[in-house]
Amino acid sequence: MAAEPPRRARVQLPSWIWGGNPKGLLVGCEMVSRPDRQGRFIVQTEESYRNQRPDLVRLRTIAKPLDPAPRWDEIRRLSERVTINLPERMATDLERRLVKAEERGALVDLLNHHLLLLHTLPLNDLPTQSEYLVDNLNAITFNDDPSTGPFRNTWVHLVETSPALHHRLKLASVWVRMGQDHRLGGGDPTHLQRLNTQQDGIFSSSAGLYDGVHTFDAYLSPLLAAGAPGIWAVNVLRSFGSLIFSLGTFVSGTEGEASELLQLVWTPGAKEATEFRALSASAADAALQWWIEHLNLLFGVLSDLSTFADRDGDYRPAKHLEALLTFEQIFRRTTSMLVAHRDTNARRTLLFTILDSIEGVRGTNLITMFTLSHATKVLERLERVIPDQAAEILLPTARRAVSALAAMQQGFFIRRQLGTATVDLQLGTGNTRRLSVEAATAMYLKILRDATHGHGSDKESSRAQTAALLAHHDGEVPHDVGLLGCLYLLDVLASPERLPRILFRGGR
């Protein structure tokens with residue numbers, strides 16, 4: 001049985017940190033602490049100490065359909081966390097987008113202008129312009145029935161992250177930086193003074209690989225693209241958080257013809273149209289509620305130093321940093337996979353790297369994740385645990401993934417021609433290996449994954465089997481097989497209670 005992670009971790013805090021107030025840093029991280037006999041701190045998150053759910057990622061409803069009292073003033077009461085200097089060309093860009101929106105009247109141009117405007121406006125003007133965007137969406141009507149329109153179920157939500165979360169996640173970069181600079185870790189005052197005068201950030205270790213937590217775009221984008229190629233919501237990034245405008249329906253996110261010159265370079269993409277079901281009035285709210293609550297639980301694990309302690313309870317920052325980079329990589333690449341609607345090869349390659357990363361945080365290997373019966377069980381579990389209204393947005397891609405995995409089994413054409421129930425691999429004189437179609441499909445996908453380094457096995461024992469599988473399948477891999485990445489990301493989010501033990505790794 002795997003060792004359970006501790007509830008506390010031991011950390012060594014240099015005296016100079018947090019302006020010479022190490023205890024203040026821990027308070028800012030919302031951690032309970034006490035010193036040990038060696039002058040180190042035994043720390044525990046406040047939510048763990050009080051046996052409460054974390055409060056790190058929050059969702060507020062600003063406006064909802066037919067809302068008699070929308071809470072636009074709540075936006076005005078927010079505070080920007082940083083001051084952003086806008087480029088000089090911003091006014092020109094806004095004017096260009098406005099002209100295009102007025103000339104074409106296309107939804108994408110309307111949103112393109114409004115979202116940039118909302119991103120750049122002073123905070124005091126944000127509520128009025130947000131309401132104006134909602135009114136514009138509500139005013140769009142159908143040509144055959146001006147009394148109705150597609151965007152009558154619009155919602156506006158605010159996603160915020162707690163300052164404590166940012167402080168906790170930054171600790172990993174701070175500690176690994178000190179591990180590579182003994183003068184910094186030792187608090188050499190002249191060294192600290194010199195570092196503070198330089199342009200480079202002192203604690204920038206791998207910061208660019210997990211900067212998505214600052215505006216939280218990395219963790220919201222897979223949700224916004226969940227209906228790909230359909231779009232159901234758009235967001236505005238601000239330093240205080242994200243404003244999410246839900247359209248209340250799926251809208252096709254692609255045009256049938258090339259809309260940019262680069263799209264004239266043809267790549268094989270989806271071969272079949274995607275049908276979008278109508279969304280209930282509260283589907284957007286339900287999906288956001290589920291997603292944000294499970295991100296809150298996820299970051300409760302990822303920001304808990306005890307998850308990344310060793311067997312003796314000492315915090316290991318390298319272990320922590322690797323986990324943070326892995327999760328951001330999973331979320332960002334899932335988004336890239338979802339939006340690769342026009343490029344099957346890119347989507348498939350991204351699937352393989354997503355599942356390579358998920359393998360370590362889920363505790364199941366690739367063959368298992370490529371197996372139809374396992375994928376089906378995962379989907380059935382998600383159908384049970386995700387509320388019906390939230391599932392309207394969250395589960396269509398997962399269902400398409402499982403259907404595509406089932407369809408891929410039809411590619412074993414030799415089995416059909418020979419009339420066998422199994423895929424019979426001829427591995428040499430008198431050596432036949434019989435595989436179920438399900439097992440053969442999983443192994444075939446594993447071969448394609450390994451082929452990202454080039455086709456052909458470098459293992460003598462696998463060469464005949466690899467060659468036989470390539471011979472048996474026609475090579476037609478459904479475009480939506482790539483969506484398996486969404487299925488397993490949802491599974492990770494749906495079961496945050498499994499993560500502490502997996503990430504603790506027995507203190508290794």
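Residues numbered from 1 in each chain as written. Predicted model: local features only at pLDDT ≥ 70, side-chain atom pairs only at ≥ 80, totals over all residues. Heavy atoms only, no water.

Visitor: Which parts of the structure should I look at to understand the overall build of the protein?
Guide: Helix and strand counts for the protein come out as 24 helices and 9 strands. Here the contacts in the protein between residues at least 6 apart in sequence split such that 72% fall between residues at least 24 apart. The protein carries 56 positive and 57 negative side-chain charges, and their two centres are separated by 8 Å. (Helix = DSSP H or I, 4+ residues; strand = E, 2+ residues; numbered from the N terminus. Contact = heavy atoms within 4.5 Å. Lys, Arg positive; Asp, Glu negative; His and termini not counted. Charge placed at Lys NZ, Arg CZ, Asp CG, Glu CD.)

Visitor: Help me out: how do you make sense of the packing of aromatic side chains in this one?
Guide: Each pair of aromatic rings is reported with the distance of its centres and the angle of its planes. Considering all chains together, one arrives at 10 aromatic pairs under this definition. Taking 6.2 Å as the distance between ring centres and 5° as the angle between the ring planes, the aromatic pair formed by Trp 16 and Phe 203 counts as stacked. Here Trp 16 is found in the loop between strand S1 (9–11) and helix H1 (17–20), whereas its partner Phe 203 is found in the loop between helix H10 (189–196) and helix H11 (212–215), with 187 residues between them in sequence. Across this residue pair, the class does not change: Trp 16 and Phe 203 are buried. An angle of 35° between the planes, with centres 5.7 Å apart, marks the rings of Phe 250 and Phe 276 as tilted. Taken together, the residues Phe 250 in strand S7 (residues 241–252) and Phe 276 in the loop between S7 and helix H13 (283–302) connect sequence positions 26 residues apart. Owing to a relative accessible area of 11%, Phe 250 belongs among the buried residues under this scheme. Note on Phe 276: relative accessible area 30%, which makes it partly exposed. Members of the aromatic cluster, each reached through a chain of ring pairs, are Phe 216, Tyr 219, Trp 291, Phe 299 and Phe 331. (Phe/Tyr/Trp six-rings, centres within 6.5 Å; stacked < 30°, edge-to-face > 60°. Buried < 20%, exposed > 50% of the residue type's maximum accessible area, 1.4 Å probe, protein only.)

Visitor: Just checking my understanding: could you explain the sheet that holds strand S4 (residues 57–63) for this structure?
Guide: Strand pairing in a sheet is mediated by backbone hydrogen bonds. Such pairs are either parallel or antiparallel. Ordered in space as S4-S5-S7-S6, the 4 strands form an open sheet in which the pairing is antiparallel. Of all the strands in the sheet, just S4 and strand S6 (230–238) have a single pairing partner and so form its edges. This sheet shows a mean twist of 25° between the axes of neighbouring strands, independent of strand direction. Contacting S4, strand S5 (155–161), S6 and S7, H13 crosses the sheet at an angle of about 160° to S4. (Pairing = 2+ DSSP bridges. Axes fitted to C-alpha atoms, helices over the stretch in contact; angles between N-to-C directions.)

Visitor: Please explain the packing of helix H14 (residues 317–339) against helix H15 (residues 344–362) as it appears in this structure.
Guide: Any two packed helices are characterised by the angle at which their axes cross and by the distance between the axes. Contact geometry for H14 and H15: axes closest at 9 Å, N-to-C directions at 155°. Taken together, H14 and H15 sit at an angle that is classed as roughly antiparallel. Like other packed secondary-structure pairs, H14 and H15 cross with a definite hand, here left-handed. When H14 is examined against H15, the residues Thr 326, Phe 327, Gln 329, Ile 330, Arg 333, Thr 334, Ser 336, Met 337 and Leu 338 are found in contact with a partner set consisting of Arg 347, Leu 350, Thr 353, Ile 354, Ser 357, Ile 358 and Val 361. (Parallel < 35°, antiparallel > 145°, perpendicular 65-115°, else oblique. Left-handed = near helix turned anticlockwise from the far one by under 90°.)

Visitor: Hey, could you run me through the pairing of strand S9 (residues 431–435) in this one?
Guide: Note: strand S8 (residues 423–428) against S9, 5 bridges, orientation antiparallel. Bridge pairing links Gln 426 to Thr 432 in S9. Following S8, the chain reverses through 2 residues before pairing antiparallel with S9; Gly 430 in that reversal takes a positive phi of roughly 70°.

Visitor: I would appreciate a short explanation of helix H8 (residues 163–179) in the present structure.
Guide: For an α-helix the count is 3.6 residues per turn, leaving residues at separations of three or four pointing the same way. Along its 17 residues, H8 runs 25 Å from first to last C-alpha, staying within 8% of the 24 Å computed at 1.5 Å per residue. Along H8, the sharpest kink reaches roughly 25°, centred on Leu 171. With 13 of 17 residues buried, H8 lies mostly within the body of the structure. The N-terminus of H8 is capped by Ser 162, whose side-chain oxygen sits 3.0 Å from the backbone nitrogen of Ala 164. (Expected span 1.5 Å × (residues − 1). Bend = angle between axes of the 7 residues up to and from the residue. Polar contact = N/O pair within 3.5 Å; in protein donor to acceptor, adjacent residues only side chain to side chain.)

Visitor: Where do I start with the sheet that holds S1 in this structure?
Guide: Sheet architecture is open: 3 strands sit in the order S1-S3-S2, paired in antiparallel fashion. Both outer strands of the open sheet, S1 and strand S2 (31–35), are each paired with one neighbouring strand and no more. Strand after strand, the sheet turns through a mean of 35° between neighbouring axes, direction not considered. With 3 bridges joining them, S1 and strand S3 (residues 41–45) adopt antiparallel strand pairing. Bridging across to S3, Ala 9 finds its partner in Val 43.

Visitor: Whenever I open this one, the nonpolar core confuses me. Can you help?
Guide: In globular proteins that are soluble, nonpolar side chains generally tend to be buried together. In this structure, Trp 232, Trp 291, Leu 295, Phe 299, Ile 393, Leu 484 and Leu 487 are the most contacted members of the largest nonpolar core, which totals 126 residues. Per-element accounting of this core gives the leading share, 13 residues, to H13. With residues up to four places along the chain from it excluded, the contact list for Phe 299 reads Leu 56, Val 57, Leu 165, Leu 169, Val 213, Phe 216 and Tyr 219. Trp 72, Leu 126, Val 236 and Leu 243 belong to the second largest nonpolar core, which has 23 residues in total. (Core = buried A, V, L, I, M, F, W, Y, C linked by side-chain atoms within 4.5 Å.)

Visitor: Whenever I open this one, helix H21 (residues 437–450) confuses me. Can you help?
Guide: For H21, spanning 14 residues, the distance from its first C-alpha to its last is 20 Å, which sits close to the expected 20 Å at 1.5 Å a residue. Among the 14 residues of H21, 10 are classified as buried, and the element is accordingly described as predominantly covered. Residues of H21 that are buried include every one of Val 437, Ala 440, Thr 441, Ala 442, Met 443, Tyr 444, Leu 445, Ile 447, Leu 448 and Arg 449, and no others.

Visitor: Help me out: how do you make sense of the side chain of Asp 285 in this one?
Guide: In this structure, Asp 285 sits in helix H13. In terms of polar contacts, Asp 285 uses its side chain to reach the side chain of His 157, at 2.8 Å. Excluding residues within four positions of it along the chain, Asp 285 makes contact with Thr 61, Trp 155 and His 157.

Visitor: Got a minute to help me understand a nonpolar patch on the surface in this structure?
Guide: Side chains of Val 82, Ile 84 and Leu 86 sit close together on the surface and give an oily, nonpolar patch of about 270 Å² of accessible area. Along the chain, Leu 86 turns up in the loop between helix H4 (73–76) and helix H5 (90–104). (Patch = residues over 30% accessible without salt bridge, like charges linked within 9 Å, V, L, I, M, F, W, Y side chains within 5 Å. Areas by Shrake-Rupley, 256 points an atom, 1.4 Å probe, with all protein chains shown as cover. Salt bridge = Lys/Arg side-chain N within 4 Å of Asp/Glu carboxyl O.)

Visitor: What is the right way to read the pattern of salt bridges from this model?
Guide: Two side chains with opposite charge may pair up if their charged atoms get near one another. Evaluation of the coordinates by the stated rule reveals 33 salt bridges. Residues Asp 36 and Arg 10 are paired through a salt bridge, measuring 3.7 Å at the closest nitrogen-oxygen approach. Taken together, the residues Asp 36 in the loop between S2 and S3 and Arg 10 in strand S1 connect sequence positions 26 residues apart. Asp 36 gets classed as buried once you look at its relative accessible area, which sits at 17%. In this structure Arg 10 comes out as partly exposed when scored by relative accessible area, which is 22%. Lys 271 serves as the salt-bridge partner of Glu 476, at 3.1 Å between the closest nitrogen and oxygen. Of this pair, Glu 476 sits in the loop between helix H22 (460–472) and helix H23 (484–494) while Lys 271 is found in the loop between S7 and H13, placing the two residues 205 residues apart along the sequence.

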